Structure formats: structure tokens, C-alpha cells
Amino acid sequence: MTSRPAADGPVPTPRHAAQAAPLLAVRELILRFGGLTSLDHVDLTVDRGVIQAVIGPNGAGKTSLFNCLTGVYTPQEGTIEFTSDGHTTPLVTGSGRRRRSRKPHAVNHVGVARTFQNIRLFAALSAFDNVKIAAETRYRTGPIGAMLRLPKARANDKSTDERTEELLGFVGLWDAADEQASSLSYGVQRRLEIARALATDPQLLLLDEPAAGTNPTEKRELEQLIRRINSERGVTVLLIEHDMRLVMAVAQRITVLNFGKVIAEGRPEEVQRDPAVVEAYLGSAEEPESGSAPEGTSGGTSGGTEEVHRDE
Amino acid sequence: MSQIGELPARVRRSRSVDPRLVRLFGWLVLGALLRLMTVTTEGTSTDHLLVIDEAFKSPALIAWLVAAVAVWAVTELWRARRIGAAVTVHTAGVRKQWSTIADRDLSRKLSLLAVVAAAIVIPQFLSEFYQRVLVDQVAVFVLLAVGLNVVVGWAGLLDLGYIAFFAIGAYTCAYFTGSLPVTPPFVLNPFVILPIAVIVCLAAGLLLGAPTLRLRGDYLAIVTLGFHEIVVLFLVNKNNWTGGNQGVSKTVPHFSINLFGIHYQWTLASLPYWYLFIGMLAIVVFLFARLEHSKVGRSWTAIREDEVAAAANGVPTVRYKLMAFAIGASTSGLAGVLYASRLGYINPASFPIVLSISVLSYVIFGGMGAIVGVIVGASLLTFLPAVLQEQNLVRQEDIPMWVGAVLVVMMLFRPQGLIPSRRRRRELRLASEGIADADAMSEAPEGRQR
Amino acid sequence: MCLSQHFWQFLIPGITLGCLYALIAIGYTLVYGVLQLINFAHSEVFMTGGFAGLFVCQALVGTGKVPHGAQSVSYMLAGICCSAVFGAIVAFLLERVAYRPLRRRNAPRLIYLITAIGASLFLFNLAGKLFGRDKANIPDLYTDGVVFTVFGAQVRVQQLIIVGAAVAMMLALDTVVNRTKLGAGIRAVAQDSQTASLMGVNINRVISQTFVIGGLLGGAAGFLFGTYLNVHYQMGFLPGIKAFAAAVLGGIGNIRGAMLGGLLLGIVESVSQSCMSSQWIDVVAFVVLILVLMFRPTGILGQRLGRAA
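(A) Quick look at the overall build of chain C. Regarding its fold elements, chain C presents 11 helices and 2 strands. Going from N to C terminus, chain C has its helices and strands arranged as α-α-α-α-β-β-α-α-α-α-α-α-α. Here the C-alpha atoms of chain C give a radius of gyration of 19 Å, agreeing with the 19 Å that 2.2 N^0.38 yields for 309 residues. Dimensions along the principal axes, computed over C-alpha positions, put chain C at roughly 55 × 50 × 35 Å. The 309 residues of chain C split such that 61% are buried. Across chain C, the fraction of contacts at a sequence separation of at least 24, relative to all contacts at a separation of at least 6, is 78%. Counting only carbon and sulfur atoms, one obtains 63% of the accessible surface of chain C, whose full area is about 11600 Å².

The structure is reproduced here in C-alpha cells:
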């Protein structure tokens, strides 16, 4: 299949190379579950303003990487640093017994939002409430303010309502605002989850297989949405995806994982031609070219086989 | 160990028996059990057959068994859709109308108004006995249930030691009114003690919750139970502070107002206390309703629905759980002050574990998460046993037994409670379809399959 | 130091009680392994065993003279068997009537817990109603006496019998779990019930068997406890919580962990009596539980029988 040039041209280079630290810098990350090494000396750099993709066969460690970034798992070794406004925040600190990773909600407040491989919406709530809950986390309204309906609390409520409406409009879910989340169609649920993540005002958005289980039309809409998130809202996007057509269409940079190791990195055309990548995919009987890989199974079983469900 | 081999065989064999006969057997057993439970005597460990004899050697047993067979027949016919279809069709229209009416906001507001009016007017016409029941049993426990609802219903945490805070509030009141062996720095009016108890219990709740709320739900339950035990042990053993098993050394004074020319003294009379209690309840319910529909309430819902997703979207889950826990604790403390002042006399035996479980059952029975449901459920479960006891239909010692049975039956047949919140009904329905989790007690690390 | 005082004197009763806690803890851990659920009502299984044993012994011995020799042995066995059987029956019914319908509905965890609590409340109050609220003593089945002394601490016949019976049951259980098809089924379901059912294991039957086994041990423990102390309608409450703490201490879901945890907790609890007044003794188990949950939540033996929580 012919490669398509990345839609936005070459990777934007920082004007002042010395000053511009990457938005996210992952160095020498090692994640182990008992005897299994899920991430093996993983290095990853995400520059501000790009759309970057992480690809790799099933079980390569991609979602584990996301989980490390968001504080769900604590990698045994390595560093994760998030830089914004010239201020660098480590997301994992300490070593040995005192190893700590920032808790998921704290990571979110630093500026990283995510969606999940298997959609995790607040099923019994409306689409509006799903997004509103996320938007509200940016405001400090405590129980006293809530009970007494202090003016600050009311103002916050109004702002979040406005923000929620804006976001629902942005992803095109305005009509579905009052529908119960669980009754929405799959593609719509995906967009809702993205809207919810955006409501937390992130600088970095992690999308975990956003196209899994969607039909070609939905994929095209997703492609546009991702680009708009990046260009209109200035959010850096890091996505895990199996759908190569989508990846090639939106990503400006690709990192390839296999068996927990980074085996290739660079521009889409470079990565596609990389022999190690070709071997990784062909060797495991998967075609990097196929636009419609078994999405159903990748959304289903990889959730089980890719990660060992253990809490360290 | 031959029993192990036998039992599975028994299980296997029963599967080839006609399920209708199995159900008949079940109903008969239930009938016999109910006969046993409603006997008005109690056995002793030397004469262990006493109650069984009395239950089964009387014609009343036949009545229960016949009733069981009748119920079985009706349910079998219903299953076979003989009578069911006709009934369902005829009532469908009525039921649909009822649900559209019941769900409307206006009807909820009207019923609320009706309840408030009833609560103000009706007690004046009741006998002294029932007025006392209303204050001592119903009002206190409804207040407690509303507080526990925040912890269990909104934050989804199982607190089995809720009464510990009740006790702390009550003893705080006793302390600051000078009724304990230890003299307080200043003696205060119970009204002033109310906010103090709230703060003390808030602190206690935070103290207990901070290390324990990150635990799994089951563990949290046991730990809170332990906390209750420890508090009671403390009250019993620290004689010189708390009066030990004897309880308060001086009667706790009643409420009184002496401000701005208003002088009112509460006395042993029940009615004034009733109005005091429901006044407090009204304030609490008003504040809680606001809380429910605010950012805080929504965050609690998010945590209940999917804790991992909530955290990923910036909700500080532990902090909110702590908040719920502390708010519940302070409500319990509030109720404790009112209780101590009303009764005048408290001792550690006033705060057994059974009470914690009872309040929990009121919340569950009424409709976990819905303030209205909880109030109704708690009122029913506190008022009804008192009435039945007065009519000598049920013995006081048997009430916990019935409470336990009600809990089990509710969970089996109507886990959403009597008057659940609409959201709760949705949550439970989704849970049974395997889509979501209806509480904050367990989650899979990676989300669910489509 | 407070510990050296009367250490051995407290150690012996500690081991005895510890064995009983271990028996009960196994019941909790087994159910947790296959269902990831704390069976709150297990304490009532224990109580049922106590009462069953009480009635059997009252029927056999009555107010006659204390038996000895072979009669004692047979009476003890009768007591243990009866209490075990009745415990198993209650456990079985509990699973069938209260838990299975919930499993069919995929009920959220909170519902299970509340059902368990309700069942527990119901059962012990029913027992109180049927059998009275006083403490009852099981008639002596043998003449007790000191067998030997260790460092100044007495070891009595009763304690030896209890420990012996408990150890025998634990060994039998270990054999069943590790060397029989039944045990393999339990271990399979505990590890991964979906795969186990795909491989032909009847999940419902295995779960019933798990409850039954836990019930046998719990019931027998109730009888032994009754011979050691007394039988009472609320006797299950505290030992139940302590046994649960023991199961967590040893590693919830891990059967050998439950045995170890039970023994350890019994010893720690008893020996701390030399340091604090006996009024606070019940607090020890809670303190242990909290410490374990905070510093080593997977327990001493760590590894779980089933899948990770």
C-alpha cells in the first residue's frame, strides 16, 4: 500500500532547541510484573504540538505504557517527565521501596488526560454529566460551598456548564447531550469519552485505540477530530492504534513497540520502511498495512492478554 | 469425609427432580420457618426443643403450611402465564399511568409537601406512647440513616461502625454538660454543643478514614466494625473518664434557649423534641439535597460508577471518599447530641453493633442513595416494630432477627430498595447486564469489554 | 519487659485458640478464593457447629457421669462429626439461598456484603430465640488434667485434644485441596473461573463444595471452641472477625496462609495479655488487621490461591 504523507507536513521543530524541552520525556522505563517484563528500557519523547502514535503488535506493552504515564502502574525503573510553562514535573519519583508515581488524578491535574481501550464512561449518567464531571475537576468547590450555594460555587457551576456545552459541540454530540451514556452508539461513546478527557483541559491527550470497533465512516470522523483537537485546541496527542490507515493519516511521528522494547521511531514513511518493524508485524502474522485488522479481537482479548492484571 | 461425596450427589440428584416440586418444598420450608419465627416464646439452651415444639405442635403450623401451598400454587400459575397474562394486560394501562405520574417532578414535590405537613400535624393527635416512639426511635434513626446514606448510598462505602460516631457525639454532649466524671473546662448548652460535636466527629471520621479509605470495600467494612468495637471498649473501660458501664453520672440536661428574650426549655415531653428533631432533619436534608446536585454529588456518582475513569479525569477519589465519610460521621454526632439530651441517660450499652447494622439496613431498605427513600424506609422500619411490639405481635428481642431477614429478602428481590433514586435503578440494571459497576467497592484494572 | 512475664503460660492457650482461628479462617479464605467475597455469615456456621455439638453431647452424656476411655473418644468424634455436618449444611444453604441468586444477577459487591450481614444477623438471632441467650456449657466428655508442663506453663488434655483435632483436619484439608480432583477443581475456579468452566469444570458445583468444606471445618471449630469455653448465640461474632483478620494476615485466598495466620494471631493475641489488661484483648486482632492492610496487604505468605484482587 502506498504511504500517504502526514497531513500536516514535517514535524514542527522547536525554534529555540536549547530551551524547548519536550512535553513528555520518558527515559529507560522498565515495568515488570513478577517474572514478566512488560516495558524494557523504553525511551519516548513527545514534543509539544505534535500528533504521535505508538504502534506495535498485540502484547507489545502499549497500554502498559499509558498506564505508567497516568500513574495506574508504577514502573520499577526509569523516569517520566512532563514539561509545561517551563516547569518540569516528574511523574515518577524515588527508587526501590520509596518508588512513587503520581496518582492518576494528580497526573490529570498536571495536564495529561486519557481515554481507555475499553470505553469507560459513567454509564448510568447522561452524556452531559459525563463531560461536566470532568470539567468540574478544574474548579475548587468544596462541600460547604456546595451546601450553601455560595456565589463562587454558582459561578463555577455556570462556567462548567458553558465549557461542557462547548465541548459537546466540538465533538458533535450536542444532540445527544441528555442521553444516557450507555444507550449511545459505540462511535458516539468514543467521541464522548474524548470530549470528557478534553474537559479536563489537558496539554497532552492519550488516546488508547480510539478507532477500535468503529466503522470506516466513524474512522474518518475520528481522523478529523484528532486533527482538530491538535490544530484548533493546541492539544498534543499521543495515540495507540492498530489501524494503520488512521495512523498514517494523522501521525507526525511514530514509535514502534515490540515485546516491551522500542524497535523503531521516526516519521511515518521511515518507520514503515524499517525492516525491524516489517519483521515484527509479518513475523507475528499481522499486516502493518491492513486498515481493518481484527478490531473486535484487539479491543477484546488484547485487554486480557496484553497486560497481566496485577497491582504492584 | 464421606459427606463431601454425598452432598454433590444430592445436588446432582435434585437437578433431575421436577423444579416445581423443589419450589413447593422451598415454600413449605419457608412457611415452617415463618411459623418458627413468629412464636412468641424463647428457648433456653437446656430446653432447646421448647420453641420448636411450640411452633410445630400447634394448629398454627397447619395454617402457615396451607398458606405456603397456596402461595406456591399462585406463583406456579403465574409462571405458567395462566393468570399472569390477563392480569398484566389489564393493569398495564394503570401501571403506565402511575409511572408517568410518579416520575414527574411535580408529584415528587407535592408528595414532599404532604409528608412535611403530615409530620407537623399528625403527631399532635397520637397517644403519648406513640409520640415517644416517634421521637426516640423514628426521628433519631431517620437522621442517622440520612447521614449514613451519604457514606453508603452516595460514596458507596460500607461503614459498619457508624454508631461509633453516634456514641462519640452523645458522650461529647454528656461531657460538655458536665454529666461525666470528668469536669469540662466550661459547661455548655446543648445547642452550643451541636457544632462542637459536629467538629469532633468530623475529626474522628477523618482520623479513621485517612488510613483506611484506600482499602477495598470488604476490608473497610471490617475495619470500621473494629473501630466501633474499640470506641465501645474505650467507653466501657475508661471508668474515670466515661463512667464505664454505669454511664453518665448526672442526667444530661435538656435543650433550652435563652437568647434575645426568647426563653424555651425542653422537658420530658415528647412533642417539643419531635419538632426539634425534625427541624434539624429538615436543615440536614436541605443541605444534603444541595450537595447531591452539586459538583461534590456528581463526583461521588462518578466514583461509584467507575472509580478508575473518575481518577483518570481528575477526581481525587480518596479525598471525596474521606469527605463523604466525615460528613456522615458528623451527622451521626449531631444525632448523638440530640439523643443524649433527649434521653438524659446514656451508657455504652446504648451503642451496640447491632445498631450500626440496623441503621445500615434502614438505608438499604429505603433505597440507597435516595434521601426520600431512606427517610421512608427508616421511618417504616423503626415505627412498624414498635407498633407490632405494642400489639404483642413481635417480641423486642426478635426484632434484629426480622431486620436480618428483611435485609436478605430485600437484597434478593429488590436490591434497589423501596424508593430508589432513578439513577440507582439504572446502575443496578446496567450491573446485571455486566456493563458497569454499581458501587465504589471493586473494579477491574483495565475496563470492561464492549 | 512485659512479654517475658508469663510468656509460656499465655503461649499454650494462644496456640490452642490459634488452631481454632485457623480452622475458621480457612472457611473465609476458601470462599474468598473462589468468589472474591467475604462470607460474613461464616461466623454463624461456626455458631451452628457449636450448638449442634452441644445438643449431641447433652443427648449422649446428659447429666450422667463423665465418660472415659473409648467412650470419650467416640463421643468426641460424634461431637465433631455432628457439628461439622451441621456447619456444612448451614454453609451450603447460605450459598444456595443467599449468594447464588446474586451471582446469577451479577450483583455488585456491596449487595453481597449486605446479604451476608443480613443472613448473619438473622441466623444468630434465630439461634438466640430458639436456644436462649445464656451461655451454655458442653458437658465434659473426659476428665481434664495436666499432661505436662513446659517452662512452667501447663498443657492440659483439653488443649492437646483441640490442637490435635484441628491439626488433623487441616492436614486432611491440605490433602484434599492439593491431591484430589475436588481440590483441583477448587484451585482452578479460584485461579480463573472462566477458563475453568471452559475446560468442563462445573462452577456451581465447585462453589457449593467450597462452602461445604469451609462449613465442615468451621462447624467443627465451633464445637471445639464450645468445649474450650462455652456456647452462646453470639459466639460467632468476635471469633469470626478475628479469623478473618487471621486470613488476611496469612494472605487472603491462601489456605496455608490462613492456617499460619490463625495460629499467629492466636499466639499474638494471647501473649499480648501479658502486656495489657485483658479487657483490651479483642482490640489486638483489629490492630493486626490494620497493620497488615497498611504495610503488607498481600499477607505473610502473599501468594494468592486465586486471581489478583
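(B) Just a nonpolar patch on the surface, in detail. Together, Val 372, Leu 380, Leu 384, Leu 388, Leu 393, Leu 418 and Ile 419 of chain B give the surface a local cluster of nonpolar side chains, amounting to about 540 Å² of exposed area. For Ile 419 of chain B, the position within the fold is in the loop between α18 (399-413) and α19 (422-432).

(C) Structural context of the interface of chain C and chain B. Contacts between the two partners involve 63 residues from chain C, matched on the other side by 68 residues from chain B. At the boundary of chain C with chain B, total buried surface from both sides reaches about 5800 Å², with 75% on carbon and sulfur atoms. The interface formed by chain C and chain B includes 2 salt bridges. Between Asp 398 of chain B and Lys 129 of chain C there is a salt bridge; the shortest N-O distance is 2.8 Å. Scanning the region where chain C abuts chain B turns up 3 residue pairs in polar contact (both at pLDDT 80 or more). Where the side of chain C that touches chain B is concerned, the elements lending two or more residues are α2 (42-60), α3 (70-104), α4 (109-131), α8 (203-228), α9 (237-250) and α11 (281-295) of chain C. A total of 18 residues in the side of chain C that touches chain B trace back to one element, the largest contributor, which is α4 of chain C. Tallied by class, the residues present in the side of chain C that touches chain B amount to 45 nonpolar, 11 polar and 7 charged.

(D) The arrangement of the packing of α2 of chain C against α3 of chain C in detail. Residues and elements named next belong to chain C. Remark: α2 packs on α3, axes separated minimally by 8 Å, with the N-to-C direction vectors making an angle of 145 degrees. α2 and α3 meet at a crossing whose hand is right-handed. Packed against α2, whose contacting residues are Val 45, Thr 48, Gly 49, Ala 52, Gly 53, Val 56 and Leu 60, the element α3 presents Tyr 75, Ala 78, Gly 79, Cys 82, Ser 83, Phe 86, Gly 87, Val 90 and Ala 91 at the interface. Split into classes, the residues belonging to the contact of α2 with α3 amount to 10 nonpolar, 6 polar and no charged.

(E) A look at the side chain of Ser 208 of chain C. Position of Ser 208 of chain C among the secondary structure elements: in helix α8. Here Ser 208 of chain C is in contact with Phe 92, Glu 95, Arg 96 and Arg 100 of chain C, once residues within four sequence places are set aside.

(F) How the structure looks around the domain arrangement of chain B. Residues and elements named next belong to chain B. Taken domain by domain, chain B consists of domain 1 (17-77) and domain 2 (131-447). Averaged C-alpha coordinates put domain 1 and domain 2 at centres separated by 36 Å. Listed per partner, the contact involves 7 residues of domain 1 and 8 residues of domain 2. Together, the buried faces of domain 1 and domain 2 total about 540 Å²; carbon and sulfur atoms form 62% of this surface. Considering only the side of domain 1, the residues that lose the most area to domain 2 are Met 37, Thr 40 and Glu 42, jointly responsible for 78% of the buried surface there. Taken together, the links from domain 1 to domain 2 amount to 0 salt bridges. Remark: the boundary between domain 1 and domain 2 carries 0 residue pairs in polar contact (both at pLDDT 80 or more). Partitioned by chemical class, the residues of the side of domain 1 that touches domain 2 number 3 nonpolar, 3 polar and 1 charged.

(G) Structural view of the side chain of Thr 317 of chain B. Relative to the helices and strands, Thr 317 of chain B resides in helix α15 (residues 317-343). When its relative accessible area of 9% is taken as the criterion, Thr 317 of chain B is described as buried. When residues no more than four places from it in sequence are discounted, the contact partners of Thr 317 of chain B are His 105 of chain A together with Ile 303, Glu 307 and Ala 311 of chain B.

(H) Looking closely at the sheet that holds strand β1 (residues 24-33) of chain A. Residues and elements named next belong to chain A. Spatially, 4 strands are ordered β2-β1-β4-β5 in an open sheet, and the strand pairing comes out antiparallel. Pairing within the sheet leaves two strands with one partner each, and these edge strands are β2 (36-46) and β5 (87-90). Averaged over all pairs of adjacent strands, the angle between their axes in this sheet comes to 25 degrees, without regard to strand direction. In this fold helix α1 (residues 62-69) packs onto β1, β2 and β4 (77-84), with an angle of close to 115 degrees to the strand it touches most, β1.

(I) Region of the structure containing a positive patch on the surface. On the surface, Lys 103 and Arg 140 of chain A together with Arg 214 and Arg 319 of chain B cluster together to form a positively charged patch. Locating Arg 319 of chain B in the fold gives a position in helix α15.

(J) Molecular detail of the packing of aromatic side chains. All names here are of chain B. Counted under the stated rule, the structure contains 28 aromatic pairs over all chains. Between Trp 154 and Phe 288, the ring centres sit 6.3 Å apart and the planes meet at 65 degrees, which makes this aromatic pair edge-to-face. Of the two residues, Trp 154 is situated in helix α7 (residues 128-154) and Phe 288 in helix α12 (residues 270-292); the sequence distance between them amounts to 134 residues. Comparing Trp 154 with Phe 288 shows no difference in burial state: the two are buried.

(K) Representation of the pattern of salt bridges within the structure. Taken as a whole, this structure holds 27 salt bridges over all chains when the rule is applied. Glu 166 of chain A is the salt-bridge partner of Arg 233 of chain A, the closest N and O atoms lying 2.9 Å from each other. Linking Arg 233 of chain A in the loop between α7 (216-232) and β10 (236-240) with Glu 166 of chain A in helix α5 (residues 151-171), this pair joins segments that are 67 residues apart in sequence. Glu 166 of chain A gets classed as partly exposed once you look at its relative accessible area, which sits at 37%. Between Arg 196 of chain A and Glu 193 of chain A there is a salt bridge, with the nearest N and O atoms lying 3.8 Å from each other. Of this pair, Arg 196 of chain A and Glu 193 of chain A are both found in helix α6 (residues 186-198), 3 residues apart, which corresponds to roughly one turn of the helix. Residues joined by salt bridges that share partners form a network here, namely Lys 132, Glu 136, Asp 157 and Asp 161 of chain A together with Arg 298 of chain B.

(L) Representation of unusual backbone geometry within the structure. Residue and element names in this part refer to chain A. We note that His 41 has phi near 55 degrees; this positive angle belongs to a residue other than glycine. Following the sequence through the fold, His 41 ends up in strand β2. The exposure class of His 41 is partly exposed, given its relative accessible area of 42%.

Criteria and cut-off values
- Residues numbered from 1 in each chain as written.
- Chains lettered and ligands numbered in written order.
- Predicted model: local features only at pLDDT ≥ 70, side-chain atom pairs only at ≥ 80, totals over all residues.
- Heavy atoms only, no water.
- Helix = DSSP H or I, 4+ residues; strand = E, 2+ residues; numbered from the N terminus.
- Rg over C-alpha atoms; globule rule 2.2 N^0.38 Å.
- Buried < 20%, exposed > 50% of the residue type's maximum accessible area, 1.4 Å probe, protein only.
- Contact = heavy atoms within 4.5 Å.
- Areas by Shrake-Rupley, 256 points an atom, 1.4 Å probe, with all protein chains shown as cover.
- Patch = residues over 30% accessible without salt bridge, like charges linked within 9 Å, V, L, I, M, F, W, Y side chains within 5 Å.
- Salt bridge = Lys/Arg side-chain N within 4 Å of Asp/Glu carboxyl O.
- Buried area = accessible area lost by both parts, 1.4 Å probe.
- Polar contact = N/O pair within 3.5 Å; in protein donor to acceptor, adjacent residues only side chain to side chain.
- Nonpolar A, V, L, I, M, F, W, Y, C, P; charged D, E, K, R; others polar.
- Axes fitted to C-alpha atoms, helices over the stretch in contact; angles between N-to-C directions.
- Left-handed = near helix turned anticlockwise from the far one by under 90°.
- Domains from an automatic or database assignment.
- Pairing = 2+ DSSP bridges.
- Lys, Arg positive; Asp, Glu negative; His and termini not counted.
- Charge placed at Lys NZ, Arg CZ, Asp CG, Glu CD.
- Phe/Tyr/Trp six-rings, centres within 6.5 Å; stacked < 30°, edge-to-face > 60°.

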